[in-house]
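Observations on the model geometry
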Amino acid sequence: MYKVLIVDDESLIRKNIEFSIDYEHLPLTVCGLAKNGLEASELVISQDPDIIITDIKMPVMDGIALIHELKENNIEKKVIVISGYDDYEYLRPALTYGSVDYICKPLDPQELNRALLTAVGELNREREAQRREESMTAQIEQNRAYLLEHFFTEIAQDRLRSQEEIRQTLDLFHIRSLASGYMCFAIGCDSASDMSALDFNCFVLSLRELFSNEYTGYDVFFAQNDADLLCGVIASEHPLREVELGDAVAERSERILQFLTDSNHISVTMGLSGVHSSEADLPEAFREAATTLHDRFYQSASPVRCYTEVFSSHTSTQLSLLDIEKKILQSISSSDYTLASANTGLFFDLLFPSGQFQRHTQHLALRGLILHLEEFIYESGISGKRILGLLDDVRQKSASPEHMFVTKQNLDDLILEIIRSISANRNEKYKDIIQRVLRYLQENYASDIGLNDAAEQVQLTPSYLSSLFKQYYGKSFLQCLTNLRIEEAKRLLKDPEQKIADIAVKCGFSNSKYFDKIFKKQSGYTPTEFRLKKPE
């Protein structure tokens, strides 16, 4: 029910307006009657009406002054002004209020109720929009932890790099602590692959709980990247000097990892980024943490390792090994065997003949590469006796000093089999998606559909679906849809009883002129020529 305030200096007109309202069909009730703008402004405060019906010319305070006062005080109401024809120019300034409608004297009850119906419609839409906004806000708050983890995971996996989107999301969740200083972290456990799924999940949960409890006075945001056990951001709630923040995070993290090592008898390592204070540095800070953790395979690792300390003493050759390993994994992801094999060649050339590394370090480096290949296989969901056999062969040879130098071909064989398995999985998945989209097009080609509608059907982004079409068909989504419509048009044109304009609509074209243009481009004939010639 919406409340109405009626304002007019004549008592008879006020009553006439009140009795003219169609209460049976409109959810309205009169909450007050006022004889001028001054009385009305007091009732606006005490009764909070939704709609105000007011005359223009009144003593003490007229309707224009009332509307101006509402605007000055940012009071949003639906206002219906009753005025004579000669009052329009006088009324014009009030129309800038934004929510003003007006009807002319003498009062026509039907016109009044039409204006009230419009006001009620606007109020309903505003109330529904407010309800949706409140519901969305409640959902965001209810799922705050999940949404934040998803957000930081997007950054950690290098899928979100837009500074503007990062800033807007942090503002949405009212996160201000990053400006006080933060460090990204990545945690690895070399024994994780030996755990059962239940033990692994319990371990990760205990890790999260330890971090949340230990870091009082800090904001801790968790994330997941492609390879490591857990990663995230530790941000100070209060400004700290860079050295203070780095020391505090390292000290607390060492306590956590030592407890985990003692209680679970497994080795856990943590890589920390440098200290940052700009939200724009988040992608780089995550990369620093992952790189620092990954470096544990190239030299003896302390439990907690900081980027600025580890890489201040690194040689360019050591850093190159890390970069090459990333390129190997990226090449496998893009199914480029030639590039992956070339990168394993560079990896071996740097690791063995360079003289930079001791035998123990060479073993650790190979172990790190093989471990990440194993994780890649697990994450990709591929399996098979051949892959597992090749993986086991590589693992055994890398552990034997006399065979370490000859694992290059074995690695290449393993990588080739991984790429073949991934390609087979992708082709099968792509085939199913494309067939679903084709069925959707065949059922809906006559409607006004496009790439966005089809992508929604298979729950993919439009850009990704477009890419799939080009990979699978060698042509774009629009070309496929257009071909389908043209072939159907050719079939219908064989029936001389059907008008060309009707055929255009039946085949999903917006108008016959556009249909003529596309049809000729596709077939070499206009629809009329095609019908007359009846080409095969």
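These notes cover the structure that comes with them. (Residues numbered from 1 in each chain as written. Predicted model: local features only at pLDDT ≥ 70, side-chain atom pairs only at ≥ 80, totals over all residues. Heavy atoms only, no water.)

**Topic: the overall build of the protein chain**
As a reminder, the rule being used: Strands here mean DSSP runs of E at least two residues long; helices mean DSSP runs of H or I at least four residues long; both are numbered from the N terminus. Only protein chains enter the calculation, and the probe is 1.4 Å; a residue is then buried if its accessible area is under 20% of its type maximum, exposed if over 50%, and partly exposed in between. Contacts are assigned to residue pairs that have any heavy atoms within 4.5 Å of one another.
From N to C terminus, the protein chain includes 22 helices and 10 strands. For the protein chain, with 536 residues in total, the buried portion stands at 44%. Partitioning the intrachain contacts of the protein chain with sequence separation of at least 6 by distance along the chain shows that 66% fall at a separation of at least 24.

**Focus: the pattern of salt bridges**
We apply this condition: For salt bridges, the criterion is a side-chain nitrogen of Lys or Arg within 4 Å of an Asp or Glu carboxyl oxygen.
Scanning the entire structure with this criterion turns up 18 salt bridges. When the shortest N-O distance is used, the salt bridge between aspartate 171 and arginine 167 registers 2.9 Å. In this pair, aspartate 171 and arginine 167 both sit in helix α7 (residues 163-172), four residues apart, roughly one turn of the helix. Take aspartate 171: its relative accessible area is 33%, and that puts it in the partly exposed class. A single network of salt bridges, built from pairs that share partners, joins Glu164, Arg167, Asp171 and Arg176.

**Focus on the sheet that holds strand β5 (residues 100-104)**
What counts is decided by this rule: Pairing between strands requires that DSSP locate at least two bridges from one strand to the other. Angles here are taken between N-to-C directions and fall from 0 to 180 degrees, while the axes themselves are lines fitted to C-alpha atoms, restricted in helices to the stretch in contact.
With parallel pairing, the five strands of this open sheet are ordered in space as β2-β1-β3-β4-β5. With one partner strand each, in any of the chains shown, β2 (28-34) and β5 form the two edges of the open sheet. Neighbour to neighbour, the strand axes of the sheet diverge by 20° on average, direction disregarded. Where strand β1 (residues 2-7) meets strand β3 (residues 51-55), four bridges bridge the pair, whose relative direction is parallel.

**Re the side chain of asparagine 36**
Heads up, the condition is: Counting of polar contacts relies on pairs of N or O atoms within 3.5 Å, with two restrictions inside protein: one atom must be capable of donating a hydrogen and the other of accepting it, and residues adjacent in sequence are counted only when both atoms are side-chain atoms.
With respect to the helices and strands, asparagine 36 occurs in the loop between β2 and α2 (37-47). Among the polar contacts made by the side chain of asparagine 36, one reaches the main-chain amide nitrogen of glutamate 39 at a distance of 2.9 Å.

**Overview of the packing of helix α6 (residues 144-156) against helix α10 (residues 282-294)**
Put simply, the rule is: Note on angle classes: values under 35 degrees are labelled roughly parallel, values over 145 roughly antiparallel, values of 65 to 115 roughly perpendicular, and the remainder oblique. Gly is placed with the polar residues, together with every amino acid not listed as nonpolar (Ala, Val, Leu, Ile, Met, Phe, Trp, Tyr, Cys and Pro) or charged (Asp, Glu, Lys and Arg).
Taken N-terminus to C-terminus, the directions of α6 and α10 make an angle of 70°; their axes are 8 Å apart at the nearest point. By the angle between their axes, α6 is roughly perpendicular relative to α10. Touching Phe152, Ile155 and Ala156 of α6 are Leu282, Pro283 and Phe286, all from α10. Looking at the contact of α6 with α10 residue by residue, the class counts come to six nonpolar, no polar and no charged.

**Regarding the nonpolar core**
Proteins that are soluble and globular tend to have nonpolar side chains buried together. Filter applied, for reference: Definition of nonpolar core: a set of buried residues of the types Ala, Val, Leu, Ile, Met, Phe, Trp, Tyr and Cys, connected through side-chain atoms within 4.5 Å.
Ranked by size, the top nonpolar core spans 28 residues in total, and within it Ile332, Phe347, Leu373, Leu414 and Ile418 carry the most contacts. Excluding anything up to four places from it in sequence, isoleucine 332 contacts Ala340, Leu373, Phe376, Ile415, Ile418, Ile419 and Ile422. Judged by nonpolar contacts, the second largest core, of 26 residues, contains Leu245, Leu257, Leu260 and Ile266.

**Examining unusual backbone geometry**
Backbone geometry at aspartate 48 places phi at a positive 50°, although glycine is not the residue there. Relative to the elements of secondary structure, aspartate 48 occurs in the loop between α2 and β3. The class for aspartate 48 is partly exposed, based on a relative accessible area of 45%.

**Quick look at the sheet that holds strand β6 (residues 182-189)**
Taken in spatial order, the five strands of this open sheet run β7-β8-β6-β9-β10, and their pairing is mixed. Both outer strands of the open sheet, β7 (218-223) and β10 (304-306), are each paired with one neighbouring strand and no more. Averaged over all pairs of adjacent strands, the angle between strand axes in this sheet comes to 25°, irrespective of strand direction. For strand β9 (residues 268-272) and β10, the ladder comprises three bridges, and the chain directions are parallel. Bridging from a neighbouring strand, methionine 270 pairs with valine 304 of β10. Each of β6, β7, β8 (230-236) and β9 is contacted by helix α8 (residues 197-214), which is oriented at about 160° to β7, the strand it contacts most. Set on the sheet, helix α9 (residues 242-264) makes contact with β6, β7, β8, β9 and β10; between it and β9 the angle comes to about 165°.

**Focus on the side chain of serine 180**
As for its position among the elements, serine 180 is in the loop between α7 and β6. Overall, serine 180 belongs to the buried group, its relative accessible area being 14%. When near neighbours in sequence (up to four residues on either side) are disregarded, serine 180 contacts Ser236, Glu237, His238, Pro239 and Leu240.

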